[in-house]
Amino acid sequence: MTEQKIVLSGMRSTGKIHLGNYFGALKNWVGLQDAYRCYYFAADWHALTSDYADPSQIAVNTLEMVVDWIAAGLDPAKSTIFVQSMVPDHAELHLLFSMITPLGWLERVPTYKEQMQQIESKDLSTYGFLGYPVLQTVDIAIYRAHFVPVGEDQASHLEISREIVRRFNHLYQREVFPEPQGLFTPTAKVPGIDGRKMSKSYGNAINLSDSPDVIRQKCMQMFTDPQRLRRTDPGRPEVCNLYDFHKLVSPPEVQERVARECRAATIGCVDDKKLLAQILIDYLEPFRRRREELERDRDTVYDILVEGSKKARERTAETLEQVREVIGLDYRKALAEKV
Ligand code: TRP
């Protein structure tokens, strides 16, 4: 039997998951669990690259994020779910990879310059922040992962990961690491309730854990076709923010009917908002049930992470053993040769 292919992915510990995160990556993760050996982790050290001055929220954010993962269908019985800092082997391999990664490669990663310019409130001119893609490469390589399901925004990170592992294999003349391939989720358009990209920092997100009342309120605030001012004006689903949500969560026949009735002005925006809110609430109902179950015992998630991290370390220990061997800081051998 050939060994099952390995899938690995992670998210920075940012707290509660919203629909953008779900449709952008998490849904894909859930779907891969039966066909692959999957590792999914909370990148708390990556959160530290930008939040080092105030790390007080990182641990809480990690727990909240993982509760949402499991509520959304990640199953600790199928996948290894863990926390980066609970597997300190990542740090050793990060040091070793940092030795072989040319500075120019890191300086050229497009997200590096963008983030430096955009995030003015934090000083990101640190060694650790420049090394973000090196740590990400390690996260993947240390599991000898083949596939990395991520959003398209991670494409440049995946590219440098492939280059770094190729360089390692070449320098030490052994195929220790497979070249990881991205499994990119075609970026389903997930607008926030104000029509801009859904993002925690814009305050326009619908969270997986929002209560039915909050979902109804948020749907009521959604932007629709700006030219449809009166109930009797025909609307244009193709420019309607609400309709983008229908495309994500509504059955095809509902999408088709809403589009038709909107164009004919037989359904009004308010009715449509109520309809969408109910569909979303139903869609998230199984998530809500699993979350309630998890929250009955507050230690459950922590235990899952400790257990997952232990399992993860079995894999990383094997990798590091091979890595140390090929780099060859072998003192027994050195002693034997000296005499
Ligand atoms: N950079 C990723 C993000 O912003 C998180 C991440 C860290 C990651 N290490 C990873 C994703 C390894 C995939 C594989 O979401």
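What counts and what doesn't
- Residues numbered from 1 in each chain as written.
- Predicted model: local features only at pLDDT ≥ 70, side-chain atom pairs only at ≥ 80, totals over all residues.
- Heavy atoms only, no water.
- Patch = residues over 30% accessible without salt bridge, like charges linked within 9 Å, V, L, I, M, F, W, Y side chains within 5 Å.
- Areas by Shrake-Rupley, 256 points an atom, 1.4 Å probe, with all protein chains shown as cover.
- Salt bridge = Lys/Arg side-chain N within 4 Å of Asp/Glu carboxyl O.
- Helix = DSSP H or I, 4+ residues; strand = E, 2+ residues; numbered from the N terminus.
- Near = heavy atom within 4 Å.
- Polar contact = N/O pair within 3.5 Å; in protein donor to acceptor, adjacent residues only side chain to side chain.
- Nonpolar A, V, L, I, M, F, W, Y, C, P; charged D, E, K, R; others polar.
- Core = buried A, V, L, I, M, F, W, Y, C linked by side-chain atoms within 4.5 Å.
- Buried < 20%, exposed > 50% of the residue type's maximum accessible area, 1.4 Å probe, protein only.
- Domains from an automatic or database assignment.
- Contact = heavy atoms within 4.5 Å.
- Expected span 1.5 Å × (residues − 1).
- Disulfide = S-S within 2.5 Å.
- Lys, Arg positive; Asp, Glu negative; His and termini not counted.
- Charge placed at Lys NZ, Arg CZ, Asp CG, Glu CD.
- Axes fitted to C-alpha atoms, helices over the stretch in contact; angles between N-to-C directions.
- Parallel < 35°, antiparallel > 145°, perpendicular 65-115°, else oblique.
- Buried area = accessible area lost by both parts, 1.4 Å probe.

### Observations regarding a nonpolar patch on the surface
Right, so step 1: On the surface, Leu63, Tyr302 and Val306 cluster together into a nonpolar patch covering about 250 Å² of accessible area.
Right, so step 2: Mapped onto the elements of the fold, Tyr302 is located in helix α14 (residues 299-327).

### Notes on the site of the ligand
Right, so step 1: Neighbouring the ligand are 14 residues; Gly10, Tyr132, Gln136, Asp139 and Gln154 lie closest to it.
Right, so step 2: Asp139 places a side-chain nitrogen or oxygen 2.7 Å from a nitrogen atom of the ligand.
Right, so step 3: Coverage of the ligand by the protein amounts to 90% of the 360 Å² it exposes when considered alone.
Right, so step 4: Among the secondary structure elements, those contributing two or more residues to the shell around the ligand are β1 (6-12), β2 (37-43), α8 (132-141) and β4 (147-151).
Right, so step 5: In terms of residue class, the shell around the ligand is made up of seven nonpolar, five polar and two charged.

### Some words on the nonpolar core
Right, so step 1: In terms of nonpolar packing, the biggest core is built from 52 residues, with Leu19, Leu26, Trp69, Ile206 and Leu208 touching the most fellow members.
Right, so step 2: For this core, the element with the most residues is helix α13 (residues 269-295), which contributes eight residues.
Right, so step 3: The residues that make up this core include at least three from each of domain 1 (6-190 + 298-338) and domain 2 (210-293).
Right, so step 4: Not counting the four nearest positions on each side in its chain, Leu26 is found in contact with Met11, Ile17, Asn21, Asp68, Trp69, Ala72, Leu74 and Leu208.
Right, so step 5: Counting residues in hydrophobic clusters, the runner-up holds 37 residues, among them Phe82, Leu96, Leu106 and Leu158.

### Thoughts on the pattern of salt bridges
Right, so step 1: Across all of its chains, the model carries 18 salt bridges by this definition.
Right, so step 2: Notably, a salt bridge pairs Arg324 with Glu92, separated by 3.0 Å at the nearest N-O pair. Placement of Arg324 in helix α14 and of Glu92 in helix α4 (residues 89-100) is noted, with a sequence separation of 232 residues between them.
Right, so step 3: For Asp194, the salt bridge identified is with Arg196, shortest N-O distance 3.2 Å.
Right, so step 4: The class for Asp194 is partly exposed, based on a relative accessible area of 23%.
Right, so step 5: What you see here is one network of salt bridges that share partners, running through Arg162, Arg166 and Glu179.

### A closer look at the side chain of Thr111
Right, so step 1: By the element assignment, Thr111 lies in helix α6 (residues 110-118).
Right, so step 2: We classify Thr111 as buried; its relative accessible area is 17%.

### Looking at α14
Right, so step 1: Under the 1.5 Å per step criterion, the end-to-end length of α14 is 41 Å for 29 residues, consistent within 8% with the ideal 42 Å.
Right, so step 2: Just downstream of α14 lies Gly328, where phi reads positive at about 80°.

### Here we look at the state of the cysteines
Right, so step 1: Tallying each qualifying case throughout the model produces zero disulfides.
Right, so step 2: We note that Cys219 lacks a disulfide partner, and the nearest cysteine sulfur, in Cys240, lies 11 Å from it.
Right, so step 3: A relative accessible area of 0% places Cys219 in the buried class.
Right, so step 4: The closest cysteine sulfur to the non-disulfide-bonded Cys262 is located on Cys240, 6.2 Å from its own sulfur.

### Considerations on a negative patch on the surface
Right, so step 1: Taken together, the side chains of Asp297, Asp299, Asp303 and Glu307 present a region of like negative charge at the surface.
Right, so step 2: With respect to the helices and strands, the residue Asp297 is situated in the loop between α13 and α14.
Right, so step 3: For Asp297, a relative accessible area of 42% gives the class partly exposed.

### Looking at the packing of helix α2 (residues 44-51) against α8
Right, so step 1: Between α2 and α8, whose axes approach to 10 Å, the crossing angle comes to 175°. Compared by their axis directions, α2 and α8 come out roughly antiparallel. Facing α2, whose interface residues are Trp45, His46 and Thr49, α8 presents Tyr132, Leu135, Gln136 and Asp139.
Right, so step 2: The class makeup of the residues in the contact of α2 with α8 is three nonpolar, three polar and one charged.

### Regarding the domain arrangement of the protein
Right, so step 1: Split into domains, the protein comes out as domain 1 (6-190 + 298-338) and domain 2 (210-293).
Right, so step 2: At the interface, 13 residues of domain 1 touch 11 residues of domain 2.
Right, so step 3: Between domain 1 and domain 2, roughly 950 Å² of surface is buried when both sides are summed, and carbon and sulfur atoms account for 67% of that area.
Right, so step 4: Sorting the residues of domain 1 by area buried against domain 2 places Leu19, Phe23 and Ala71 first, and these three jointly supply 48% of that buried surface.
Right, so step 5: The interface formed by domain 1 and domain 2 holds one salt bridge in total.

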